[in-house]
Amino acid sequence: MVSIEDEVRAQRPYKEVNNTAALTQRLDEMLADNPSNEFRDTLCIVTTEPIQLDDMDDDLKRELAFYTNAMQAVQAAQAKLDELGVPHQRPDDYFAEMVKTDAHMARVKTKLIKQQTDAKEAEERRKARDNKKFGKQFQAAKAVERAQKRKASTDAAKGLRKGRPDAVSAELESAAGSGGFGGKRRRTDTGGNGDAGGGKRFAPGSRDAKEARWKRTHKDKRNSKESATDGSGFNSGKWSAPGKGKVGAAKKGSAKQRPGKARRQQARRK
Amino acid sequence: MSAAKLLARKRARQTESVAAEPVPAIRKAPPSRRAKVLALISHGSTTKFTALMEDWVALLPHVRKDCKLEQKDRVDTIAEVAELAGCNRALFFEVRKHTDLYLWAGAVPSGPTVKFHVQAVHSMDELSLTGNCLRGSRGIVSFDSAFGGTAPSHLLLVRQVLTGIFAVPEGHPKSKPFVDHVHSFALDRLGKIHYRHYQIVNAQDGADGGRRSQAGQMLVEVGPRCSLTVMRIFDGPFGGPTLYANSGFVSPNHVRAEVRRRTGERYAKKITARAAMRKRHAGADRRLPRDELADVFREEPDEHMEGLDE
């Protein structure tokens, strides 16, 4: 891929100047001028290997190349320093001000910890999601199994009833019918199972319960085609003057109209 | 364990370490080695670039910061300022348009000066890297083999200039005689010099993780990071005849202009397409060709039926 930079370079090339003779002369002058050009003073190391960079866009590879190169230089430099007998390592009990303050390091630490915990939490969330997915399958399988079991027991009861007196067979039947084989007792609508909110409750796994879950719990806020044209809720007389609308007229004539304040107070006094 | 025992153990450990590695005696540098580097930045810099300068000032004890250079001041006044401050090297961070950073690194008073374009700037504060080093310790200055013996002369000169700035002279009054970090310069194929700065963790230091060498050292990055492209090498201090100009350098202004031009091209294409559409809609193209079967079902008076009525 040709980058924009390459295209621009091709379009408007910079004039190259390379006065090698002058550069070399300058270099020699600098080396001669500088009295402190020994390794001891500069700690300058040129490594023997170039950096291995095939793909500049691969961050990890790039950083690794820089790291290995710097490491090579460090080893060479430390060997040289040891050779020269220059102590270079900081003793363990030497404490002094660092470039990054403690506050800065604490900030770095919290940031790293946060990154780790975030990654951990994301992993947990992913696991929970997977569990939920597979949990559904597991539940469905269990429901099928339970239904089979129940059917088998009912069949067994039927077989028993053939050779038994009525009382026993009735008992067995009731046991089978009420799901006495590990399943929960099925609640019926007439059995007083309506909850306080007035909604129906169904045995888990039943079709009705599923439908109830799919149903909307409240009306849609937006109009549908039907609701937009539906005028049944409109009360024409509600806000009209008394006597004009239906409701007002009815009120005036009705015996249930509320008496005035004085009358009410009088009635209370009695 | 009692406190007294702990204390005794601690003392024993301290004496041990001191015995094992005595604090090196500071070799006092002669005045010629007490090199100083002047660092200054232009007005109109953003915090990012200022942070890079501050980082280097913190890492290099022989760097002395000066006040900002006004836009109206000429770059070559820096040589004078540096001389007055007793510095023999100078770093000038030139910020243009609040977006581009150019770094002038030069020897004072005789030159030469290298002008770099700085990209991918990340300060220590911005990068959350776990490395840390002593303030004022001396750092190793590492170059990859592209700067070695057979390298082109301009790269050798760049190496000399960078060494002059990043090498802390031994025994410099503000330095500490320990070597616990490394400045690394690596040249890539595009001619960019990548700067990285690592802490050296030695074998006996107790940090875990990371890749250790055979001798047991480990590097932990401290920051900052940046990449430098050589633009020009001048003969004098902050000016003078050009000794080297990099033909591979691309001005960030030209790159931005190209991006803008491409965006403009997209717009121009849209406009011409719209004009063509309008023309098509208005002109003859819009009329449908005559349909030969159009009046097949058209009702026409039936002669036969008329005859019946009468």
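Residues numbered from 1 in each chain as written. Chains lettered and ligands numbered in written order. Predicted model: local features only at pLDDT ≥ 70, side-chain atom pairs only at ≥ 80, totals over all residues. Heavy atoms only, no water.

The name recorded for chain B in an unreviewed UniProt entry is Brix domain-containing protein, from Diacronema lutheri. The Sequence similarities (unreviewed entry) comment attached to chain B in UniProt states, word for word, "Belongs to the BRX1 family." Taken verbatim from the UniProt record of chain B, the Subcellular location (unreviewed entry) comment is "Nucleus, Nucleolus". (UniProt positions renumbered as here; feature names shortened; annotations may be inferred.)

The name given to chain A in an unreviewed UniProt entry is Eukaryotic rRNA processing, with Diacronema lutheri as the source organism. Comment text from UniProt for chain A, heading Sequence similarities (unreviewed entry), reads "Belongs to the EBP2 family."

Here we come to the packing of aromatic side chains. In this structure the tally under the stated criterion is 13 aromatic pairs over all chains. Joined through ring pairs, the aromatic side chains of Trp56(B), Phe93(B), Phe143(B), Phe147(B), Phe166(B), Phe185(B) and Tyr195(B) make up one cluster. Sitting over the ring of Phe39(A), Lys80(A) keeps its end group 4.9 Å from the ring centre. Directly above the aromatic system of Tyr102(B) lies the positively charged group of Lys115(B), at a separation of 5.0 Å from the ring centroid. (Phe/Tyr/Trp six-rings, centres within 6.5 Å; stacked < 30°, edge-to-face > 60°. Lys NZ or Arg CZ within 6 Å of the ring centre and 35° of its normal.)

What follows concerns the pattern of salt bridges. Under the definition given, this model contains 25 salt bridges over all chains. The closest approach of N and O atoms between Glu63(A) and Arg62(A), which form a salt bridge, is 3.6 Å. Each member of the pair, Glu63(A) together with Arg62(A), is buried. Beyond isolated ion pairs, a larger network of salt bridges with shared partners links Asp59(A), Arg62(A), Glu63(A), Arg196(B), Glu221(B) and Arg225(B). (Salt bridge = Lys/Arg side-chain N within 4 Å of Asp/Glu carboxyl O. Buried < 20%, exposed > 50% of the residue type's maximum accessible area, 1.4 Å probe, protein only.)

Now for the confidence of the model for chain B. Within chain B, residue pLDDT values average 85, and 81% of them lie at 70 or more. Overall fold confidence (pTM) sits at 0.67, and the ipTM for the predicted complex is 0.79. (pLDDT = per-residue confidence, 0-100.)

All names here are of chain B. Summarising burial for strand β5 (residues 113-122): 7 of the 10 residues are buried, a large majority. With 6 bridges joining them, strand β4 (residues 100-107) and β5 adopt antiparallel strand pairing. Its bridge partner being in β5, tryptophan 104 is matched across the sheet by lysine 115. Linking β4 to β5, which pair antiparallel, is a turn of 5 residues; within it glycine 111 sits at a positive phi near 90 degrees. Relative to strand β10 (residues 225-236), β5 runs antiparallel, the two sharing 8 bridges. Its bridge partner lying in β10, threonine 113 is registered against phenylalanine 234. (Helix = DSSP H or I, 4+ residues; strand = E, 2+ residues; numbered from the N terminus. Pairing = 2+ DSSP bridges.)

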